[in-house]
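Letter by letter, the chains look like this.
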Amino acid sequence: METYALLLASMLSSGTILAIAALGLLINEKAGVVNLGAEGLMLVAAIAGFAITVHTGSSWLGFLAGMAAGALLAAAFGYLVIWLNTNQYATGLALSLFGVGLSAFVGINYVQAKLPERIQYAIPVLGDLPLVGPALFRHHPLVYFAVALTFGLIWFLYRTRAGLVLRSVGESPESAHALGYPVRRIRFAAVIAGGALCGLAGAYLSEVYVGLWVENMVAGRGWIALALTTFATWRPLRVLLGAYLFGGVTQISFHLQTVGVNIPSQFLNMMPYVATIVVLALISRNPAFIRINMPASIGKPFYPGS
Amino acid sequence: MLKLEARPQLSRFWSYGSPILALCITVLIGMALFAALGKDPVKGLLVFFYEPIKNGYAIGELMVKATPLLIIAMGLAVCFRSNVWNIGAEGQYVVGAIAASWVALMADKSTGAWILPAIVLAGIAGGMLWASIAAVLRDKFNANEILVTLMLVYVALLLLNYVVTGPLKDPMGFNFPQSKNFEAVTQIPRLMKGSRVSIGLVIALFGAVALWIFLFRTRAGFAQQVGGLAPAAARYAGFSSRRAIWIALLTSGAAAGLAGSLEVAGPIGQLTAYLPAGYGFAAIIVAFVGRLHPVGMVFSALLMSMFYIGGELAQSRLGLPKSLTGVFQGLLLFTLLACDTLIAYRLRRSAAARQAPTQGTASLQASTPLTAQPAAIASEGGV
């Protein structure tokens, strides 16, 4: 049973990366902007956070650095797609390719670097409970942050006026513009917020989850996070659960490798990617299902005054 | 204060000038980067842009790198013009190389030259197979091909890893993740002595001509492009969108697989875990910078291979990491997309209020000279 408790714990930890990134992407997709550069953003933030932590010894400064890096790159992306109206998919792809190159470039000096001693977090009383304790209550604060973020986003999007405006910008920017809302500024803010969260996820990956820098360490999680917002039909709680599910798939594949199952490790490592494809295919089968929940102006440029 | 003002019609001058401007900006940023890293920026510039072309051998090396880039990019051009986003060309390249290697390893000292076409066909088949997974999922399940092809890249890389450490591993290779060296008979013939350029270059150039004919002189090519520019019009005209998706994905998969087979049986000569060089992703940039036009892509393939070689030279001469190549390539695409705005907008130094733009470069094809439509069509649907 112990192993299952630890497996659950690792599932939550692994899922947190996807969850934070996917929630960030959800914010900008709700406003109508698709940021395909998530992978590049996460990589640059991962090396930024890692580097800052190595130099300052503080992982929290590292998280801030990661968020800043993510926000900065997202701002560049946002300027291009919102104010210059470039193709969102192409620009996001360019950002991804650039981020992969930049992170590899900067990360060269940090390949062998070590982080300061890892802190073991545990909630005082709850963390000592048998089984449930190690599974749920001995996590890094960001794991709990992901849950809080989910509920915070649900509240923000569906219970506040600002959230309503954001959603309306995503559904019909022309109407929002007619009502006098600064559509482009709102989209820009959403893109920056999304980029900051993707950055946070990247920094968490390099500083906490792995604790090392390896070139290309995000390993496709940015793309999986993008897929996740689609499967979860742009609802925060579904995103969180989906993230944990995918975190679980990754952990199960590792677990199977350690247990000594007779399948070559490479095929087990394929599981998260194959799972993404399978779920994507199943969910997309009914195009109406996705279209109902999809913010109507996703991917479309907005021209005020036309 | 600089303002953006919409042009009454798309600027043909900037359609050609934008990639050049983007290159200049990239070079400037690159020089600033060199200076920030404590290296001589002019030397860096020379290493990237002069060394790769300074003598015949260097030009040959340039062609060696440009060949796979051009072949993959031509397949991607068909795809992108049809508004099918095949981002997984890298995966199709790898699977093509695996298939080609499998055939190549079946040769022994007595095999005849027939093995060569078999290798190339195997590569094409492998690439098409890998792309067809995305095609079937898009066709039958409406799954977004961006994500499927991308996930398949990671699967392909893991598959490569498995194959070179398992079934195709060289039993006398000291456990390195590589296959046996291919027999001499399997090697793709070189174009001329003293250079590593293979006949793949000739294939690539023929392919460019064939692409031009397909896109601009055949009904099928026309149907593909209309499907990309105006899907509703295509439906009305009776062009099958399902067939367009299959043609697009199979063509680009075949091209990527072809490139993979030419690389693995040509310059490399064995299957290793280090095969993936990012050509599939760089080819996306080649396609965009070349405006999805065969002639443009020839030039942009040469440019991108200069970046590759420049990166390698920068590593050996200046002590900079090779990953600088990736930075430049991504930067080039980014600046290109930004500079493309000039096609649809003018910069005006005035206090005049920003006029309502009626078009933009949001549609990929809108920035292609002569195929631009005044009212750019935004892409349908989302991720």
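Definitions and cut-offs
- Residues numbered from 1 in each chain as written.
- Chains lettered and ligands numbered in written order.
- Predicted model: local features only at pLDDT ≥ 70, side-chain atom pairs only at ≥ 80, totals over all residues.
- Heavy atoms only, no water.
- Helix = DSSP H or I, 4+ residues; strand = E, 2+ residues; numbered from the N terminus.
- Rg over C-alpha atoms; globule rule 2.2 N^0.38 Å.
- Buried < 20%, exposed > 50% of the residue type's maximum accessible area, 1.4 Å probe, protein only.
- Contact = heavy atoms within 4.5 Å.
- Areas by Shrake-Rupley, 256 points an atom, 1.4 Å probe, with all protein chains shown as cover.
- Lys, Arg positive; Asp, Glu negative; His and termini not counted.
- Charge placed at Lys NZ, Arg CZ, Asp CG, Glu CD.
- Axes fitted to C-alpha atoms, helices over the stretch in contact; angles between N-to-C directions.
- Parallel < 35°, antiparallel > 145°, perpendicular 65-115°, else oblique.
- Phe/Tyr/Trp six-rings, centres within 6.5 Å; stacked < 30°, edge-to-face > 60°.
- Salt bridge = Lys/Arg side-chain N within 4 Å of Asp/Glu carboxyl O.
- Core = buried A, V, L, I, M, F, W, Y, C linked by side-chain atoms within 4.5 Å.
- Expected span 1.5 Å × (residues − 1).
- Polar contact = N/O pair within 3.5 Å; in protein donor to acceptor, adjacent residues only side chain to side chain.
- Nonpolar A, V, L, I, M, F, W, Y, C, P; charged D, E, K, R; others polar.
- Patch = residues over 30% accessible without salt bridge, like charges linked within 9 Å, V, L, I, M, F, W, Y side chains within 5 Å.
- pLDDT = per-residue confidence, 0-100.
- Disulfide = S-S within 2.5 Å.

(A) Structural context of the overall build of chain B. Counting its regular elements, chain B contains 14 helices and two strands. In terms of overall dimensions, chain B is globule-like: its C-alpha atoms have a radius of gyration of 22 Å, near the 21 Å expected for 383 residues. Considering only C-alpha atoms, chain B reaches an extent of 75 × 60 × 35 Å along its principal axes. Here chain B holds 383 residues, and the buried ones make up 56% of them. If you take every contact in chain B between residues at least 6 apart in sequence, the share linking residues at least 24 apart comes to 76%. Summed over all atoms, the accessible surface of chain B reaches about 15,900 Å², with 66% contributed by carbon and sulfur. Computing the positive centroid from 28 side-chain charges and the negative centroid from 14, chain B places the two 8 Å apart.

(B) Main features of the overall build of chain A. When helices and strands are tallied, chain A shows 14 helices and zero strands. Ordered by position in the sequence, the α and β elements of chain A form the string α-α-α-α-α-α-α-α-α-α-α-α-α-α. Computed over C-alpha atoms, the radius of gyration of chain A comes to 19 Å, within 12% of the 19 Å expected from 2.2 N^0.38 for 306 residues, which places it in the range of a compact globule. Relative to its full complement of 306 residues, chain A shows a buried share of 58%. Of the charged side chains in chain A, 16 are positive and 9 negative; the average position of the first set lies 13 Å away from that of the second.

(C) Local environment of the side chain of T16 of chain A. Relative to the helices and strands, T16 of chain A resides in helix α1 (residues 2-30). Excluding anything up to four places from it in sequence, T16 of chain A contacts L142, V143, A146, Y204 and Y244 of chain A.

(D) Quick peek at the packing of helix α6 (residues 141-159) of chain A against helix α7 (residues 161-171) of chain A. Residues and elements named next belong to chain A. Between α6 and α7, the shortest axis-to-axis distance is 5 Å and the interhelical angle comes to 75°. Regarding the angle of α6 to α7, the classification is roughly perpendicular. For the pair α6 and α7, contact is made by F156, L157, Y158 and R159 and by R161, A162, G163, L164, L166 and R167, respectively.

(E) View of the packing of aromatic side chains. All names here are of chain B. One pass over the full model with this rule turns up 21 aromatic pairs over all chains. On the numbers, 5.4 Å between centres and 75° between planes, the contact of Y279 with Y308 is edge-to-face. Taken together, the positions of Y279 in helix α11 (residues 279-289) and Y308 in helix α12 (residues 294-318) put the pair 29 residues apart, joining distant regions of the chain. In this pair, the class of Y279 matches that of Y308, namely buried. Taken together, the ring pairs connect F34, F48, F49, F307 and F328 into an aromatic cluster.

(F) Broad picture of the pattern of salt bridges. Residues and elements named next belong to chain B. Tallying each qualifying case throughout the model produces eight salt bridges over all chains. K54 serves as the salt-bridge partner of E51, at 3.3 Å between the closest nitrogen and oxygen. A residue is classified by how much of its surface remains accessible, and K54, at 41% relative accessible area, is partly exposed. D139 is paired through a salt bridge with R242; the nearest N and O atoms lie 2.7 Å apart. Taken together, the residues span a long stretch of sequence, with D139 in helix α5 (residues 115-141) and R242 in helix α10 (residues 241-268) at a distance of 103 residues. For R242, a relative accessible area of 48% puts it in the partly exposed group. One network of salt bridges, in which partners are shared, links E51, K54 and R317.

(G) Up close: the nonpolar core. Formed by 206 residues in total, the largest nonpolar core has its most connected members in I72, F80, L271 and M297 of chain B. In contact with L271 of chain B, not counting residues within four places along its chain, are A97, I98, S101, L160, V163, V164, L168, P177, Q178, S179, F182 and V264 of chain B.

(H) Quick look at α5 of chain B. Helix length check: α5 of chain B (27 residues) gives 38 Å between terminal C-alpha atoms against 39 Å at 1.5 Å per residue, within 8%. Directly after α5 of chain B, the chain includes N142 of chain B, whose backbone phi takes a positive value near 60°.

(I) Looking closely at the environment of K114 of chain A. Residues and elements named next belong to chain A. For K114, the location among the structural elements is in the loop between α4 (88-107) and α5 (132-136). On the accessibility criterion, K114 (70% relative accessible area) is exposed. In the structure, K114 is positioned 114 residues away from L228 in sequence and 32 Å away in space, judged by C-alpha atoms.

(J) Broad picture of the interface of chain A and chain B. Contact residues are listed per partner, giving 56 residues for chain A and 54 residues for chain B. The interface formed by chain A and chain B includes six residue pairs in polar contact (both at pLDDT 80 or more). Residue composition of the side of chain A that touches chain B, by class: 38 nonpolar, 14 polar and four charged.

(K) Spotlight on helix α4 (residues 89-104) of chain B. If you check α4 of chain B, its first and last C-alpha atoms are 22 Å apart, about what 16 residues at 1.5 Å a residue would give, namely 22 Å. In terms of burial, α4 of chain B is a largely internal element, 15 of the 16 residues being buried.

(L) Fine view of unusual backbone geometry. Phi at N85 of chain A takes a positive value of approximately 55°, unusual for a residue other than glycine. Residue position: N85 of chain A is located in the loop between α3 (59-83) and α4. Even without being a glycine, N83 of chain B presents a positive backbone phi close to 60°. For N83 of chain B, the location among the structural elements is in the loop between α3 (56-81) and α4.

(M) Geometry of the packing of α3 of chain B against α10 of chain B. All names here are of chain B. One way to put it is that α3 packs onto α10 with a least axis distance of 7 Å and a crossing angle of 170°. With respect to each other, α3 and α10 are oriented roughly antiparallel. Residues V64, P68, I71, I72, G75, L76, V78 and C79 of α3 lie in contact with α10, whose contacting residues are A248, L249, T251, S252, A255, A256, L258, A259, L262, E263 and P267. Residue classes in the contact of α3 with α10 are distributed as 15 nonpolar, three polar and one charged.

(N) Spotlight on a nonpolar patch on the surface. Residues and elements named next belong to chain A. On the surface, a nonpolar cluster with roughly 700 Å² of combined accessible area is contributed by M1, Y4, L8, L126, L129, L131, V132 and L136. For the nonpolar patch, the secondary-structure elements that each account for two or more residues are α1 and α5. Its place among the elements puts L136 in helix α5.

(O) Highlighting the confidence of the model for chain B. Residues and elements named next belong to chain B. A residue-level look at chain B finds 91% of positions with pLDDT of 70 or above and a mean pLDDT of 83. When mean pLDDT is compared element by element in chain B, α4 scores highest at 94, while strand β1 (residues 2-6) scores lowest at 75. Low pLDDT, under 50, characterises residues 352-358; the stretch is placed with 14 contacts to residues that sit more than four places away or in other chains. Within the model, pLDDT remains below 50 along residues 365-383, and this stretch shows 54 contacts once partners closer than five positions in the same chain are excluded. Here the prediction assigns the complex a pTM of 0.87, and the interface score ipTM is 0.87.

(P) Representation of the state of the cysteines in the model. Residue and element names in this part refer to chain B. In the structure shown here, the tally under the stated rule is zero disulfides over all chains. Considering cysteine sulfurs only, C24 is the nearest to C339, which forms no disulfide, with 9.0 Å between them. In this structure C339 comes out as buried when scored by relative accessible area, which is 6%.

(Q) Structural detail: the side chain of S305 of chain B. Residue placement: S305 of chain B occurs in helix α12. When sequence neighbours within four positions are dropped, the list of residues in contact with S305 of chain B reads L62, K65, A66 and L69 of chain B.

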